[in-house]
Amino acid sequence: MTIDDADADVVQFDNVGLRYETGREILTDLSFTLYPGSFYFLTGASGAGKTSLLRLLYLAQRPSRGMIKMFGTDAITLPRERLPGFRRRLGVVFQDFRLVPHLSAFDNVALPLRVAGIAERDLLKPVRDMLEWVGLADRIGARPATLSGGEQQRVAIARAVIGRPQMLVADEPTGNVDPEMAVKLLRLFEALNRLGTTVVVATHDVHLLKKVPDSLIMRLDRGRLSDPTGALRYPPRRAATT
Amino acid sequence: MKMPAMLSRRDDATGVDGPAPLRSERAAELVPQARLSGPMPWVIAIMVALTAIAAAGALSLRNAGSAAQAELSGGVTVQIVEADPAARARQAEAAAATLASTSGVVAVRLVPQSEIDALIEPWLGEGTAAAGAGAGDDSIPVPALIEARLAGKLTPARIADLRQRLAGVAPAARVDAQAGWLRPVFAAIGSLELLALALIALLGFATAAAVLLAARTALGTNRDTIEIVHLLGGTDAQIARIFQRSITFDAAGGGAVGLALATLTIVVLGRRFAGLGSGLVDGGSLDWLDWAGIALVPLAVIALAALTARLTVLRALRTML
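None of the values given here were measured: they were computed from a predicted structure.

1. A few points about the overall build of chain A
Scanning chain A from N- to C-terminus turns up seven helices and ten strands. Here chain A holds 242 residues, and the buried ones make up 50% of them.

2. Structural notes on the overall build of chain B
Helix and strand counts for chain B come out as eleven helices and four strands. Relative to its 321 residues, chain B shows a buried fraction of 34%. In chain B, the proportion of contacts linking residues at least 24 apart, taken out of those at least 6 apart, comes to 86%.

3. Examining the sheet that holds strand β2 (residues 25–34) of chain A
Remark on secondary structure: sheet strands pair via backbone hydrogen bonds, oriented parallel or antiparallel. Residue and element names in this part refer to chain A. Pairing is antiparallel across the open sheet formed by four strands, whose spatial order is β2-β1-β4-β5. Lying at the two open borders of the sheet, with one neighbouring strand each, are β2 and β5 (73–74). In the sheet, strand β1 (residues 11–19) pairs with strand β4 (residues 65–70) via five bridges, with the strands oriented antiparallel. Following the sheet pairing, Gln12 is matched in β4 by Lys69. Contacts from helix α1 (residues 50–57) reach β1, β2 and β4 within the one sheet, and its direction differs from that of β1 by about 125°.

4. Thoughts on helix α5 (residues 149–161) of chain A
Residue and element names in this part refer to chain A. Under the 1.5 Å per step criterion, the end-to-end length of α5 is 19 Å for 13 residues, consistent within 8% with the ideal 18 Å. Of all the 13 residues making up α5, eleven are buried; the element is thus mostly covered by neighbouring parts of the structure. Residues of α5 that are buried include every one of Glu151, Gln152, Gln153, Arg154, Val155, Ala156, Ile157, Ala158, Arg159, Ala160 and Val161, and no others. Buried residues along α5 sit in contact with β6 (90–93), α3 (105–115), α4 (120–133), β7 (167–171) and α6 (179–194).

5. Digging into the confidence of the model for chain B
In the predicted model, chain B carries a mean pLDDT of 80, and 82% of its residues have values of at least 70. Of the regions scoring below 50 in pLDDT, residues 9–21 of chain B engages in 28 contacts with residues more than four places distant in sequence or in other chains.

6. Let's talk about the packing of helix α7 (residues 183–221) of chain B against helix α11 (residues 288–317) of chain B
Residue and element names in this part refer to chain B. Running from amino to carboxyl end, α7 crosses α11 at an angle of 40°, the nearest separation of the two axes being 9 Å. By the angle between their directions, the pair α7 and α11 is classed as oblique. The handedness of the crossing between α7 and α11 is right-handed. Across the interface between the two elements, Gly204, Thr207, Ala208, Val211, Leu212, Ala215, Arg216 and Leu219 from α7 touch Val301, Leu304, Ala305, Thr308, Ala309, Thr312, Val313 and Ala316 from α11. When the residues that make up the contact of α7 with α11 are grouped by side-chain class, the tally is eleven nonpolar, four polar and one charged.

7. Re the nonpolar core
With 124 residues, the main nonpolar core has Val109(A), Val169(A), Val48(B) and Ala52(B) as its most contacted residues. Per-element tally for this core: the top contributor is helix α2 (residues 39–72) of chain B, with 18 residues. Once residues lying within four places of it in the same chain are set aside, the contact partners of Val109(A) are Val127(A), Met130(A), Leu131(A), Val155(A), Ala158(A), Arg159(A) and Ile162(A). Core analysis: the next-biggest nonpolar cluster, separate from the first, contains 19 residues, Ile80(B), Leu99(B), Leu154(B) and Leu166(B) among them.

8. Description of the environment of Arg87(A)
Following the sequence through the fold, Arg87(A) ends up in helix α2 (residues 83–87). Separated by 79 residues in sequence, Arg87(A) and Gln166(A) have C-alpha atoms that sit 9.9 Å apart. With near-sequence residues (within four places) excluded, Arg87(A) lies in contact with Leu59(A), Leu231(B), Leu232(B) and Gly233(B).

9. Digging into the sheet that holds strand β4 (residues 173–177) of chain B
Residues and elements named next belong to chain B. Sheet architecture is open: four strands sit in the order β2-β3-β1-β4, paired in antiparallel fashion. Since the sheet does not close on itself, it has two edges, and those belong to β2 (105–110) and β4, each with one partner. The average angle at which neighbouring strand axes cross in this sheet is 20°, direction not considered. One ladder, built from five bridges, connects β2 with strand β3 (residues 144–150); its direction is antiparallel. Looking at the pairing, Val108 lines up with Ala148 of β3.

10. Concerning the pairing of β4(B)
Residue and element names in this part refer to chain B. By the alternation rule, side chains of β4 split into Ala173, Val175 and Ala177, which are all buried, and Arg174 and Asp176, of which none is buried. Bridging between strand β1 (residues 75–80) and β4 involves five bridges; their strand directions are antiparallel. Paired with Ile80 across the bridge in β4 is Ala173.

11. Some points on the pairing of β4(A)
Residue and element names in this part refer to chain A. Of the strand pairs in this sheet, β4 and β5 are connected by two bridges, and their pairing is antiparallel. Bridged to Lys69 within β5 is Asp74. In sequence, β4 turns back onto β5 through a hairpin of two residues, with Phe71 there showing a positive phi of about 50°.

12. Let's talk about unusual backbone geometry
Residues and elements named next belong to chain A. Backbone geometry places Phe71, a non-glycine residue, at a positive phi of 50°. Tracing the backbone shows Phe71 in the loop between β4 and β5. For Arg222, which is not a glycine, the phi torsion comes out positive at approximately 45°. Relative to the elements of secondary structure, Arg222 occurs in the loop between β9 (216–221) and β10 (224–226). Judged by C-beta crowding, with 13 C-beta atoms within 10 Å, Arg222 ranks as partly exposed.

13. Description of the packing of α3(A) against α5(A)
Residues and elements named next belong to chain A. α5 packs onto α3 with a crossing angle of 25° between their chain directions and a minimal axis gap of 7 Å. As far as their axial angle goes, α5 and α3 are roughly parallel. As for the relative orientation of α3 and α5, their crossing is right-handed in sense. For the pair α3 and α5, contact is made by Ala105, Asn108, Val109, Leu111 and Pro112 and by Val155, Ala158 and Arg159, respectively. Grouping the constituent residues of the contact of α3 with α5 by class yields six nonpolar, one polar and one charged.

The rules behind the values
Within any chain, residue numbers begin from 1 and follow the written order of that chain's sequence. Going through the entries in the order they are written, you letter the chains from A and number the ligands from 1. pLDDT decides what is reported in this predicted model: residues at 70 or higher carry local features, side-chain atom pairs at 80 or more are listed and counted, and totals for whole chains, interfaces and linings draw on all residues regardless. We count a stretch as a helix when DSSP gives it H or I for four or more residues in a row; a strand needs E for two or more, and each element gets its number in order from the N terminus. Partly exposed residues are those falling between the two cut-offs: more than 12 but fewer than 20 other C-beta atoms within 10 Å of their own, whereas 20 or more means buried and 12 or fewer means exposed, with C-beta atoms placed from the backbone. Here, residue contact means that the backbone-derived C-beta atoms of the two residues sit within 7 Å. A pair of strands is considered paired only if DSSP assigns at least 2 bridges between the two. Every angle, taken between N-to-C directions, lies between 0 and 180 degrees, and every axis is a line fitted to C-alpha atoms, over only the stretch in contact when it is a helix. To estimate the expected span of a helix, count its residues, drop one, and scale the result by 1.5 Å. Each residue carries a pLDDT score, the predictor's confidence in it, ranging from 0 to 100. Convention used here: angles under 35 degrees read as roughly parallel, angles over 145 as roughly antiparallel, angles from 65 to 115 as roughly perpendicular, and any remaining angle as oblique. In this scheme the handedness of a crossing depends on how the near helix is turned from the far one: anticlockwise by less than a right angle means left-handed, clockwise means right-handed. Note on residue classes: Ala, Val, Leu, Ile, Met, Phe, Trp, Tyr, Cys and Pro are nonpolar, Asp, Glu, Lys and Arg are charged, and everything else, Gly too, is polar. Put simply, a nonpolar core is a cluster of buried Ala, Val, Leu, Ile, Met, Phe, Trp, Tyr and Cys residues tied together by C-beta atoms within 7 Å.

Right, dumping it as structure tokens:
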């Protein structure tokens, strides 16, 4: 499968605008396509609309106007009952982690698998392996309140990737971890990416961009998307591994 | 750097398009606040106790009314209202004989004078009734009584027919259907039964309202968690099931306590009423079928609570994307 395969687009935005109630538009005229197996960095100043765009991507919000297609299906008119099936194809790392406070690290990471109906016996090992990999093997039973910011972030990332989503959306995923762990987490995203997962990482950290050479950059400026390298309109040919 | 094993195998676990079961044992832990603990089980216990007691009251009243009606239906009382004891005795004998020979009359009993004396003794004292020819002048003339039982339904037409037959042989005879005397009592019992049923309905509404409020509160408290589960692909049905399961546990606990309280109350009250020794009250005792009906009250309340919680949660979830 190549990125030229238009039928396999993960996400397609066409003249999308978003405003909350009667306020000004937070996002304006967004038109772009995310291809399978691509790695995107979403950058922009605070308040540029990065989180709002991510909310549209992980189907937490419907746009005020425009058209969004996800996995080849119109996401705007998608019936509410079909949303869960689409959301299960996504992995999300929230900026504020959004861990379930009364669940242990293990149960938080296991949550997407349980929601998908995976049997307990089948999720024990993957969840333990994942927690071990993000360096939290000894905090498996700890609740979020007893974890540091960095540890919570790693649990949030483990939860987002445990189900091997078709698209991973991460909002400042390395904001609370040390540089070494940040690189390690990026390697995890890259590994997922190599397996065909489309990755979108919103970040302020310009150093991070250099760490993933094949990544494409989406830059938001006051709600408008700029395409500094032309990579969004004319993406370089690259075969995604499946 | 070695990746976790799950990243090196292809198992599209999250590609499920549609609702999947959220394993129940773990699912309940998702929203612990949704376990409507605290006052909720006690509210349900009180509701179940009151409903079960009201149901027992309604069943008891129905039984008492049915027993009295069964006993009195077809029963006829003939009074010979004659001041002259000799004429009274003669007419009584003649009336009893006529009744006995009338088709449809299955039993006739001329009430002995000793029984009549015993009946009026509490009010008039001893030896005051004019029993017969030997009674003194100061004695009070008391009508002779004949009890008869007719087969089939006792209609006004049959009463009129009896009156006509007796008029020839016992002109002083007055014929009354026994059930007619208790008609106001039956009407009162019917009203009390309706009242008990209305009470049960009101308690049902109150239970549903209490569950609705508790479910909404729990939803509000757990809104963040619910949103996360939604964003991870959880369906409305999965989330509703968690709340439904929680409230079913609470309702089951409350229901058991409520049923125990109600049973104790009903047994104690039953014994108190049995001590009255009244025929009408004795007829109101509960049989095993009634107890089975009372035992169904907590089950009905549990079902009502679970259904209310489910509908409340589903309705609230529909407002979320």
